[in-house]
Amino acid sequence: MSTQKIDYMTSPQVAIVSGGSRGLGRAFTEALLAAGWCVAIFARRTSEFTESAPSNPAYAGRFMTRQLDVRNGPEVDAYVQEVIATWGKLNLLVNNAAIAGWAPLAIAEDEFIDWHIDTNLGGVLRLTRSAAKQMMRQRWGRIINISSVVGIRGFGGLAAYSATKAAVDGLTRTLAMELGSSGVTVNAIAPGYINTEMTAQFPKETLEWNRTHSALLRLGTVEDFVPPFMFLASEGAGFITGHTLVVDGGLVT
Ligand SMILES: NC(=O)c1ccc[n+]([C@@H]2O[C@H](COP(=O)([O-])OP(=O)(O)OC[C@H]3O[C@@H](n4cnc5c(N)ncnc54)[C@H](OP(=O)(O)O)[C@@H]3O)[C@@H](O)[C@H]2O)c1
């Protein structure tokens, strides 16, 4: 058995970003890579980014991507183990993968409800369990959950989604208590509405209502979320845990 001591704080640091193939997850992944991190992402499908990034010389030896469904616990667990075996540690987990279907609860099918719960909550619980074991061993780690303003405020049409996002905020507070003594912080970012593939199916009037009812009178862009995200991932955020940071341009309902 190797007696070499791993310094978990030495660069490069290692992150896993679920749903890193596009949208916010891609922006977080690119920001971490630009800052010199090793980053492993996964999503169910490939994307323009997952096709091009592996051959980017700037990312050589620092980027991994897989086609995985966050609902598949054993496969996700095996991927986490592969990342740790490859880079020797895990500094940051970003629970970003999620789906948001638009349907009033009265007409929502069981399958629709289960799909939200299994992806947005079950996926986060299982992936976090897997990553947290390593972070507890290291006695250092950061977990950032991407929740939503919809978990805090009401928006008709997103009942199943909002329930899972409110649950993620509760999980954030409880996990902060469970993992704090192991040197692991757990925080969430609650974005307002952003123009991504996720919101493309939402009624245009809803997006416009949210724009006109925000203090800054605009929807978010993925770039708006990168600085707060990088701050929560940094060593400087070490005394912040169990917090949900709302980043929504001042959405007033
Ligand atoms: N856009 C907004 O207005 C908004 C507002 C508040 C919060 N958020 C939150 O921000 C996060 C990112 O959203 P986004 O707007 O960037 O969404 P997006 O463009 O739809 O991206 C979602 C990502 O998650 C992946 N994903 C979805 N289901 C998955 C599964 N079962 N297994 C593995 N990966 C899966 C997607 O890839 P595949 O489809 O290929 O699997 C994709 O990479 C989400 O947590 C979302 O709830 C977004």
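The structure we're discussing is the one just above.
This text gives an overview of the structure that appears in the document. Keep in mind that this is a model prediction, so the values were computed, not measured. Starting from 1, residues in each chain are numbered consecutively following that chain's sequence as written. The model is predicted, so local features are restricted to residues of pLDDT at least 70 and side-chain atom pairs to those at 80 or more, both for listing and for counting; the totals for chains, interfaces and linings are taken over all residues. The basis for every side-chain value is the complete set of heavy atoms in the structure, and neither hydrogens nor water enter the calculation.

**Points about the overall build of the protein**
Helix and strand assignments come from DSSP, with helices taken as H or I runs of at least 4 residues and strands as E runs of at least 2, each series counted from the N terminus. Tallying secondary structure elements over the protein gives 7 helices and 7 strands in all. Ordered by position in the sequence, the α and β elements of the protein form the string β-α-β-α-β-α-β-α-β-α-β-α-α-β. The principal-axis extent of the C-alpha atoms belonging to the protein is close to 60 × 40 × 40 Å. The buried share among the 253 residues of the protein stands at 51%. Whether two residues touch is decided by their heavy atoms; if any such pair falls within 4.5 Å, the residues are in contact. A separation of at least 24 residues holds for 73% of the contacts in the protein among residues at least 6 apart in sequence. Note on areas: these come from Shrake-Rupley sampling with a 1.4 Å probe, and a residue is covered only by the protein chains present in the view. Accessible surface, the protein as shown: approximately 11800 Å² in total, 57% of it carbon and sulfur. One way to put it: in the protein the 21 positive side-chain charges average out to a point 6 Å from where the 22 negative ones average out. Burial here depends on accessible area, computed with a 1.4 Å probe over protein chains only, as a share of the maximum for the residue type. Under 20% is buried, over 50% is exposed, and the range in between is partly exposed. In summary, the charge assignment counts Lys and Arg as positive and Asp and Glu as negative, without counting His or the chain termini. Taken as the charge location is NZ of Lys, CZ of Arg, CG of Asp or CD of Glu.

**Observations concerning the site of the ligand**
Around the ligand sit 29 residues in total, of which Ser21, Arg44, Arg45, Tyr161 and Thr196 are the nearest. Nitrogen and oxygen atoms within 3.5 Å of one another constitute a polar contact, given that in protein one can donate a hydrogen and the other can accept it, and given that sequence-neighbouring residues count only through two side-chain atoms. In the environment of the ligand, an oxygen atom lies 2.7 Å from a nitrogen or oxygen atom belonging to the side chain of Ser21. Surface burial for the ligand is 98%, taken as the share of its 880 Å² of free accessible area covered by protein chains. Secondary-structure elements contributing two or more residues to the shell around the ligand are α1 (23-34) and α5 (159-179). Under this grouping Gly is polar, as are all residues other than the nonpolar Ala, Val, Leu, Ile, Met, Phe, Trp, Tyr, Cys and Pro and the charged Asp, Glu, Lys and Arg. Among the residues making up the shell around the ligand, the classes are represented as 13 nonpolar, 10 polar and 6 charged. For this purpose, a residue is taken to be near a molecule or strand whenever a single non-hydrogen atom of the residue falls within 4 Å of it.

**Concerning the packing of helix α3 (residues 73-87) against helix α4 (residues 110-138)**
In contact at an axis separation of 9 Å, α3 and α4 are set at 30 degrees when each is read in the N-to-C sense. In this view, α3 runs roughly parallel relative to α4, as classed from their interaxial angle. The hand of the α3/α4 crossing is right-handed. Taken together, the residues of α4 that come into contact with α3 (itself represented by Gly73, Val76, Asp77, Val80, Gln81 and Ile84) are Arg126, Leu127, Ser130, Ala131 and Gln134. Split into classes, the residues belonging to the contact of α3 with α4 amount to 5 nonpolar, 4 polar and 2 charged. Here an axis means a line fitted to C-alpha atoms, over the contact stretch when the element is a helix, while the angle between two N-to-C directions is reported on a 0 to 180 degree scale. To sort the angles, those under 35 degrees are grouped as roughly parallel, those over 145 as roughly antiparallel, those from 65 to 115 as roughly perpendicular, and the leftovers as oblique. Less than a right angle of anticlockwise turn of the near helix away from the far helix marks a crossing as left-handed, whereas a clockwise turn marks it as right-handed.

**Some words on the sheet that holds strand β2 (residues 38-43)**
Read across the open sheet, the 7 strands follow the order β3-β2-β1-β4-β5-β6-β7; overall the sheet is parallel. The sheet is open, and its two edges are formed by β3 (63-67) and β7 (244-247), each paired on a single side. The mean inter-strand angle of the sheet, taken between neighbouring strand axes irrespective of direction, is 15 degrees. For β2 and β3, the ladder comprises 5 bridges, and the chain directions are parallel. Each bridged residue has a counterpart across the sheet, and for Phe42 the counterpart in β3 is Arg66. Note on pairing: two strands pair once DSSP finds at least 2 bridges between them.

**What about the side chain of Gln13?**
Among the structural elements, Gln13 can be located in the segment before β1 (14-18). A polar side-chain atom of Gln13 sits 2.5 Å from a polar atom in the side chain of Asn91.

**So, unusual backbone geometry**
Phi at Arg139 takes a positive value of approximately 60 degrees, unusual for a residue other than glycine. Along the chain, Arg139 turns up in the loop between α4 and β5 (141-146). The backbone of Leu217 shows a phi angle near 55 degrees, a positive value even though the residue is not glycine. On the secondary structure map, Leu217 appears in the loop between α6 (204-212) and α7 (226-233).

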